[in-house]
Amino acid sequence: YIYDTENHLEKEIVIDATTSNHTGTKAIKITNDPIKVVISKKDVAKEGEIEGAKIVVYNYDETKKEKGEKVVEFTSKKEPFEYYLEPGVYALEETLAPASYQKLETTFVFEVEADGDVKLLDTYSDKNIISKDNKITIYNEVVVVPDTGSSSSIIYIVIGSILLLAGSGLIYFTIKRRLAQRI
């Protein structure tokens, strides 16, 4: 395996060799087999990808337990994101959740192994992050926002206001009548 950080292309290597039958030079072509990591962003309840999440992958320093230099940043689309990574340790962070979804609170650490497998390194209580083979799947939950502008909310506000005014009026007239009786 020869890693070409520029373009993952074939490399030609020239080897000088001498055997009992031959002496000479031979060119051998070695093709990289880069490690493609797939990052998928899905809804917990539905199939299919979620669009609009901003995700950043960083190098990760295991000794310092901190993220390092940014490797790649992308916005999720209708298809899973694919990127070639060298074997090593990385941190993945969701910087912006898609509209109406809960943002991941945890930056999680994963390792890309030389055989192409991707494994999560920390034990996460968040079962919304799964790693299998060369794929990381992140499941998001929809945030339920109270419907504060609906007509039913307005009706409750109007009824409450009327009851409050009626109660205030009743108290006012009761006090006024009692004061008039004392005079």
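About the cut-offs
- Residues numbered from 1 in each chain as written.
- Predicted model: local features only at pLDDT ≥ 70, side-chain atom pairs only at ≥ 80, totals over all residues.
- Heavy atoms only, no water.
- Salt bridge = Lys/Arg side-chain N within 4 Å of Asp/Glu carboxyl O.
- Helix = DSSP H or I, 4+ residues; strand = E, 2+ residues; numbered from the N terminus.
- Buried < 20%, exposed > 50% of the residue type's maximum accessible area, 1.4 Å probe, protein only.
- Pairing = 2+ DSSP bridges.

Student: Could you clarify how one ought to interpret the pattern of salt bridges in this entry?
Tutor: Pairing is possible between side chains that carry opposite charge, provided their charged atoms lie close to one another. Scanning the entire structure with this criterion turns up five salt bridges. Here E94 ties to K41 by a salt bridge, and the two come within 2.4 Å at their closest N and O atoms. Within this pair, whereas E94 is found in strand β7 (residues 88-96), its partner K41 is found in strand β3 (residues 36-43), the two being separated by 53 residues in sequence. When its relative accessible area of 1% is taken as the criterion, E94 is described as buried. Of the charged contacts, one joins E93 and K67 as a salt bridge, the two residues approaching to 2.7 Å between their closest N and O atoms. Remark: K67 occurs in strand β5 (residues 66-75) and E93 occurs in strand β7; sequence separation between them is 26 residues.

Student: Explain unusual backbone geometry to me, please; I cannot follow it from the model alone.
Tutor: At K65, a position not held by glycine, the phi torsion is positive, near 55°. The topology assignment puts K65 in the loop between β4 (54-61) and β5. With a phi angle near 70°, S100 is a residue other than glycine that sits in the positive phi range. Inspection of the secondary structure puts S100 in the loop between β7 and β8 (108-112).

Student: Would you take a moment to explain the pairing of strand β10 (residues 129-132) for this structure?
Tutor: Note on strand geometry: in a regular strand, side chains alternate between the two faces of the sheet. Pairing geometry for β10 and strand β11 (residues 135-140), over four bridges, is antiparallel. Its bridge partner being in β11, I130 is matched across the sheet by T137. Connecting β10 to the antiparallel partner β11 that follows it, the hairpin turn spans two residues, and D133 within it adopts a positive phi of roughly 55°.

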